[in-house]
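Geometric and topological summary
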Amino acid sequence: MRIAVLIVLVAFAAVPSHAQPPGPGLKTGQMEIKAFQAIPKTKTAVQLTSDTSLARKLRGEVMERLARRGNQVGFSGGNVMRMDVSYFDLSGGGGSGYIRDSPSYLGPGSNPRMDLPRNKFERRDTYTPPPAGPTLRISLTLYSVETGKVLWFANASCITQGNNAEQSGINMIDAIFADPDKNRIADAGCPL
């Protein structure tokens, strides 16, 4: 047992702090960029962690912004940018969880998933109410394929309704790529 705990501790300590998820300090409506170096002008592949219609549309926007910077973009390349697009509603909206009740941002051809059980896993002594509405969160992590090193990271979130999720995502991407080579925490460009 002690050996297993030691292995877990050593493995966690081996992960660089910049590769770990951002801390709890980032608020909804803000974005954060951690530029360990400027985004290199080499070929960059943008890969999605979840394949939804919204994620594919927003990946196209990211690829367009990278191309404007002078990067060659594609689905394979010298560096890999992992893109995570999450849209969730913690307000407890109803629905049976089947495909016919899929969220409004899912378009034809997406791969919807079943809802998770409605059981709440949380500490009861530190309960905070859910955010004011459905939340769209975008995370971008740029890795070097050769070294595996994280070169650049950005995270943004906005409260938005499903019918406005795509425009909110575009606004967040615009805010990120307005000045992507500097470490900063700023407004995510959420629509009012």
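How each quantity is defined
- Residues numbered from 1 in each chain as written.
- Predicted model: local features only at pLDDT ≥ 70, side-chain atom pairs only at ≥ 80, totals over all residues.
- Heavy atoms only, no water.
- Helix = DSSP H or I, 4+ residues; strand = E, 2+ residues; numbered from the N terminus.
- Buried < 20%, exposed > 50% of the residue type's maximum accessible area, 1.4 Å probe, protein only.
- Contact = heavy atoms within 4.5 Å.
- Areas by Shrake-Rupley, 256 points an atom, 1.4 Å probe, with all protein chains shown as cover.
- Salt bridge = Lys/Arg side-chain N within 4 Å of Asp/Glu carboxyl O.
- Core = buried A, V, L, I, M, F, W, Y, C linked by side-chain atoms within 4.5 Å.
- pLDDT = per-residue confidence, 0-100.
- Disulfide = S-S within 2.5 Å.
- Expected span 1.5 Å × (residues − 1).
- Pairing = 2+ DSSP bridges.
- Axes fitted to C-alpha atoms, helices over the stretch in contact; angles between N-to-C directions.

Here the focus is the overall build of the chain. In terms of regular secondary structure, the chain is built from three helices and seven strands. Its helices and strands in sequence order give the chain the pattern α-β-β-α-β-β-β-β-α-β, from N to C terminus. Looking at the chain residue by residue over its 192 residues, the buried ones come to 36%. Sequence-distant contacts in the chain: of pairs separated by 6 or more residues, those separated by 24 or more amount to 76%. For the chain, the exposed surface amounts to about 11600 Å²; the carbon and sulfur share of it is 56%.

In this section: the pattern of salt bridges. With the rule as written, the count across this model stands at seven salt bridges. Glu61 is paired through a salt bridge with Arg65; the nearest N and O atoms lie 2.8 Å apart. Taken as a pair, Glu61 and Arg65 lie in helix H2 (residues 53-68) at a separation of four residues, close to a single helical turn. Across the pair Lys182 and Asp179 runs a salt bridge whose closest N-O atoms are separated by 3.8 Å.

We now examine the nonpolar core. Val62, Met83, Leu140, Trp152, Ile176 and Phe177 are the most contacted members of the largest nonpolar core, which has 33 residues in total. When residues of this core are traced back to their parent elements, those giving at least two are strand S1 (30-35), strand S2 (44-48), H2, strand S4 (79-88), strand S5 (135-144), strand S6 (150-159) and helix H3 (165-177). In terms of residues, this core owes the most to one element, H3, which gives seven residues.

Confidence in the prediction for the chain averages 77 pLDDT; 64% of positions are at 70 or higher. Mean pLDDT values for the elements of the chain range from 42 in helix H1 (residues 2-14) up to 95 in H3. For the stretch residues 94-100, pLDDT sits under 50, and the model shows eight contacts to residues farther than four places along the chain or on other chains.

The next thing to look at is the side chain of Thr141. With respect to the secondary-structure elements, Thr141 resides in strand S5. Ignoring any residue separated from it by four or fewer positions in sequence, one finds Thr141 in contact with Val80, Met81, Arg82, Val150, Trp152 and Phe153.

Time to look at the state of the cysteines. One pass over the structure, following the stated rule, counts one disulfide. A sulfur-sulfur separation of 1.9 Å characterises the disulfide bridge that pairs Cys158 with Cys190. Judged by the sign of its S-S torsion, about -90°, the bond between Cys158 and Cys190 is left-handed. With Cys158 in strand S6 and Cys190 in the segment after strand S7 (184-187), the pair connects residues that are 32 residues apart, well separated along the chain. A residue is classified by how much of its surface remains accessible, and Cys158, at 0% relative accessible area, is buried.

A separate point is the environment of Ala67. By the element assignment, Ala67 lies in helix H2. For Ala67, a relative accessible area of 40% puts it in the partly exposed group. It is 9.4 Å that separates the C-alpha atoms of Ala67 and Lys41, two residues lying 26 residues apart in sequence.

Now for the environment of Cys190. Classification of Cys190 as partly exposed rests on a relative accessible area of 22%. Here the alpha-carbon distance between Cys190 and Gln167, two residues 23 residues apart in the chain, equals 9.0 Å. With sequence-adjacent residues up to four places away left out, Cys190 is seen in contact with Gly29, Ser157 and Cys158.

For the rest of this paragraph, the subject is H3. Along an α-helix, a turn takes 3.6 residues, which lines up residues three or four apart on a common side. For H3, which comprises 13 residues, the first-to-last C-alpha distance of 18 Å matches the rise-based estimate of 18 Å (1.5 Å per residue) to within 8%. Those residues of H3 that sit buried are Ala165, Ser168, Gly169, Ile170, Met172, Ile173, Ala175, Ile176 and Phe177.

Here we come to the sheet that holds strand S3 (residues 73-74). Across the sheet, seven strands lie side by side as S3-S2-S4-S5-S6-S1-S7; this open sheet has mixed pairing. Each edge of the open sheet carries a strand with a single partner, namely S3 and S7. Alignment of S4 against S5, held across ten bridges, turns out to be antiparallel. Bridging across to S5, Ser86 finds its partner in Arg137. On top of the sheet, H3 reaches S1, S4, S5, S6 and S7; it is set at about 40° to S5, its chief contact.

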